[in-house]
Amino acid sequence: MSVVGFIAEIRMTMDTIVLSVVLLSVCCQAGTYNYSDIELHPDHMPYFLNMYKELADECVKEKCPLMDFVGRKGCWGYEDVCPQNDSYSTPSCPGDHRGWVPSKKDQIDTFFAQGDFGYVAEQQKELMVMCEPNFAADSSLVCSKHLRYCQGRNIKIDFRDLNHRKEPIRYKMDVLKEGQIGGYCKLHKRRLEDECDHISPLQSWGPELRFFSELPHKPLDTEGSCDMVIDKPTYLMKIDATVNMYHHFCDFFNLYASQHVKLHDWTTFSTDVHILVWESFSYISNFAPVMKVFTRHPIWDLKTFAGKTVCFRNLIFPLLPRMIFGLYYNTPLIWGCQKSGLFHAFSKHVLYRMGVVQEPRTNPSIRITLLSRESAYRNILNEAELLSALQQNPDYIVQRVVYNRNMDFKKQLELTHNSDIFIGIHGAGLTHLLFLPDWAVVFELYNCEDESCYQDLARLRGVRYLTWENRKKLWQEDEGHHPDGGAHAKFTNYKFDVDEFLRLVKVGVEHVRNHTDFPVRISHDEL
């Protein structure tokens, strides 16, 4: 080995040691165990307890409420050692990849890395120290590549300038300036600069952390340094469009994935945390109930701290909604694969914390939900005719729903989660497919020439996807008129052939009935 290579290897080893010390110091601030803070779906509890052996051992000694979950096998899939038989993630690649791939294993591994817990593993392995503490009580900052995810300790942020901002703040990259964010630690400035290569509002934390600086004194120990000290862990969130379910759930999903990246602290899934939305608009959304999945406290925004200097003991910069090669939005997903454990776990986590359950079933009738739109475009012109045709089949229980701000979002999830076949034309409402049961089918009546969006989301979630196959049996009202000019398939309405519609629904019904998890099996006496 060359001298240069030897020195590089030593540096890499030292960086790993420093990173371990930093993360350990974050972990050890958690203190004594509060088992009521571990608010996980019972199916997820063994995976969690196996991450924290000391907590599990203490639970057994104290005969805590979680005792029954201790000792069960299970690992998420991103741990250093996770046997395939014990892994939460079991991706399936029954189809051929479009293009060349060396083997089926390579295809599965690629899917796992692109859209499953393998992505979490990648972020964890990429973590590097950006600001290095000398002692445990000092500040610290660690980040993954391109500053997609970071976590800091004893960080000071100066929000005093915000009192003088006249325009509202949303998707701005100048919220912080030189000297307005930093900590008492040794800054690896060149390393930080090298990772500031994705400068965009929703792609990285580069716009904010490029100004991170060394402070001459420990901010929390210096009299008058902080107007406020936030002791609880705080997640900063730069969020996408809150009126659109597809885009806003990209925020929620990446927040959940970030909790897995953060797994150096047994309180990582606790709701006793704060969320600071990185804009000056008060957080208002029809999907706001989902915030309670992550925090029991009111949502903060930049107005909360305008004019103040704030010190955060534990600050998390989570994965963002529009990262290059990120998760969910425009994920570069290999073809032929499905069933991401990470998406499955997210679905169960949200449903469990929101109290959404499967209603009891006493017969094998297929529950069909048709999502109707109340918008100017992409309406189903013969919707009543399609519904009438479905209702003539005695084996179907059919309902038409309109998901809008007039219906509580939890109620929407209850209707979705108790559907076997979910039908709708291309639109953000199809994001509900994330919360369908495992045996369900999402039928995107027509994809409006956006072929991959909900097909990929269905593949990630692991539910069957159907869409219209015969373009000659579909009638388009006109060429479609995009607001900026030109013909566009998303800006018109459609009529569908009834017989072809029923044929495709039947394909979905066969899938549901033959799925091993479908809760009602037809006995021979019923045939």
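Right above here is the structure, for reference.
This one's a predicted model, so the numbers in the text were calculated from it and none came from an experiment.

1. Examining empty space enclosed by the protein
Using the criterion set out here, one finds 2 cavities of 30 Å³ or more in the structure. Here the largest cavity defines a volume of roughly 50 Å³. Lining the largest cavity are Y171, K172, P201, L202, K238, I239, W278 and E279. Here the lining of the largest cavity is built from residues that sort into 5 nonpolar, no polar and 3 charged. The volume enclosed by the second largest cavity comes to roughly 40 Å³. The residue inventory of the lining of the second largest cavity, partitioned by class, reads 6 nonpolar, no polar and 2 charged.

2. Some thoughts on the packing of aromatic side chains
The full count for this structure, using the stated rule, is 35 aromatic pairs. Pairing Y246 with Y454 gives two aromatic rings, centres 5.6 Å apart and planes at 75 degrees, and the pair type is edge-to-face. Remark: Y454 occurs in helix α12 (residues 453-461) and Y246 occurs in helix α8 (residues 245-261); sequence separation between them is 208 residues. Overall, the relative accessible area of 10% leaves Y246 in the buried class. A centroid spacing of 6.1 Å and a plane angle of 85 degrees characterise the contact between F305 and F312, whose relative ring orientation is edge-to-face. Here F305 matches F312 in class, with each residue buried. Stacked on the ring of W335, the Lys or Arg R98 has its end atom at 3.8 Å from the ring centre. The cationic tip of R170 hangs over the ring face of F281; the distance from NZ or CZ to the ring centre is 4.2 Å.

What counts as what
Residues numbered from 1 in each chain as written. Predicted model: local features only at pLDDT ≥ 70, side-chain atom pairs only at ≥ 80, totals over all residues. Heavy atoms only, no water. 1 Å grid on protein atoms, 1.4 Å probe; cavity = no way out; pocket = protein on both sides within 12 Å on 5 of 7 lines; lining within 4 Å. Points joined across faces, edges and corners; volume = space filled by probe spheres on them. Nonpolar A, V, L, I, M, F, W, Y, C, P; charged D, E, K, R; others polar. Phe/Tyr/Trp six-rings, centres within 6.5 Å; stacked < 30°, edge-to-face > 60°. Helix = DSSP H or I, 4+ residues; strand = E, 2+ residues; numbered from the N terminus. Buried < 20%, exposed > 50% of the residue type's maximum accessible area, 1.4 Å probe, protein only. Lys NZ or Arg CZ within 6 Å of the ring centre and 35° of its normal.

In short, shape yes, function no, at least from these values alone.
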